[in-house]
Amino acid sequence: MIVSIVESTISGKLEQDRPSWTAYFMGIADLVATRSTCIRRKVGAVLVKDRRILCSGYNGAPSKLVHCSETGCLREKMKIPSGEKHELCRGVHAEQNAIIQAACHGISVSGSTLYCTNQPCSICAKMIINAGIIAVYFKKQYNDLIAIEMLTQAGVILSPVDE
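Draft legend 1. Spotlight on the packing of helix H7 (residues 122-131) against helix H8 (residues 145-153). Axis separation between H7 and H8 bottoms out at 8 Å; the angle between their running directions is 15°. Classed by the angle they form, the pair H7 and H8 counts as roughly parallel. Judged by the twist between their axes, the crossing of H7 over H8 is right-handed. Counting all contacts with H7, which are made through Ser122, Ala125, Lys126, Ile128 and Ile129, the residues of H8 involved are Ile146, Ala147, Met150 and Leu151.

So this is what it looks like as structure tokens:
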């Protein structure tokens, strides 16, 4: 048994059974998203540096406030399309929550990579740029061309990941 494990490891077989780092961290972002209390979209984010998780966040109402899953969604009630009038949402975005949690715990995110289930919006893009995050990997597109433009201009790597 031990000999076959050693042989498999030498031949790289066990390495093939392991997910890539991108798939690993995206899988964790997917799990984080399950904590979301948003009615419209469940989003999870993980901040990583040197292959170590710094912080995570999911979208939902601020701490100590009633969750949207209980109050209903104002944007839904007003029939506001996705990608518009972010300021009317009572929720904090997953990317924002990850950055905020890091700040609350004194963790620098400068030079880190963000793995997120969705492409960041323009508000999150500004925070990502100013926080010094160098790359963003995401699964689902989001209708916000301004965010893509800003991240690109700032030199932040923006990379979609196949589901």
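Next comes the rest of the description.
Draft legend 2. Molecular detail of the side chain of Arg75. Among the structural elements, Arg75 can be located in helix H5 (residues 74-77). Take Arg75: its relative accessible area is 9%, and that puts it in the buried class. Those residues in contact with Arg75, other than ones at most four positions away along the chain, are Arg40, Ile80, Pro81, Ser82, Gly83, Glu84, Lys85, Leu88 and Cys89.

Draft legend 3. Structural context of the packing of aromatic side chains. As enumerated under the stated definition, the model contains five aromatic pairs in all. For the pair Trp21 and Tyr24, a centre-to-centre distance of 5.8 Å together with 85° between the ring planes defines the contact as edge-to-face. Of this pair, Trp21 and Tyr24 both sit in helix H3 (residues 21-33), three residues apart, roughly one helical turn. Given a relative accessible area of 36%, Trp21 falls into the partly exposed group. Each ring, one from Tyr115 and one from Tyr137, has its centre 5.2 Å from the other, and the planes form 10°; the classification is stacked. Residue Tyr115 is found in strand E3 (residues 113-118), and its partner Tyr137 is found in strand E4 (residues 135-140); the two are separated by 22 residues along the sequence. Tyr137 sits in the partly exposed class, given a relative accessible area of 23%.

Draft legend 4. A look at the sheet that holds strand E5 (residues 157-160). Reading across the sheet, the five strands line up as E2-E1-E3-E4-E5 and stay open at both edges, with mixed pairing between neighbours. With partners counted over all chains shown, the strands left at the sheet margins are strand E2 (52-58) and E5, one partner each. Across the sheet, the axes of successive neighbouring strands diverge by a mean angle of 20°, strand direction being ignored. Across four bridges, E4 lies against E5 in parallel orientation. Paired with Tyr137 across the strands is Ser159, a residue of E5.

Criteria and thresholds
- Residues numbered from 1 in each chain as written.
- Predicted model: local features only at pLDDT ≥ 70, side-chain atom pairs only at ≥ 80, totals over all residues.
- Heavy atoms only, no water.
- Axes fitted to C-alpha atoms, helices over the stretch in contact; angles between N-to-C directions.
- Helix = DSSP H or I, 4+ residues; strand = E, 2+ residues; numbered from the N terminus.
- Parallel < 35°, antiparallel > 145°, perpendicular 65-115°, else oblique.
- Left-handed = near helix turned anticlockwise from the far one by under 90°.
- Contact = heavy atoms within 4.5 Å.
- Buried < 20%, exposed > 50% of the residue type's maximum accessible area, 1.4 Å probe, protein only.
- Phe/Tyr/Trp six-rings, centres within 6.5 Å; stacked < 30°, edge-to-face > 60°.
- Pairing = 2+ DSSP bridges.

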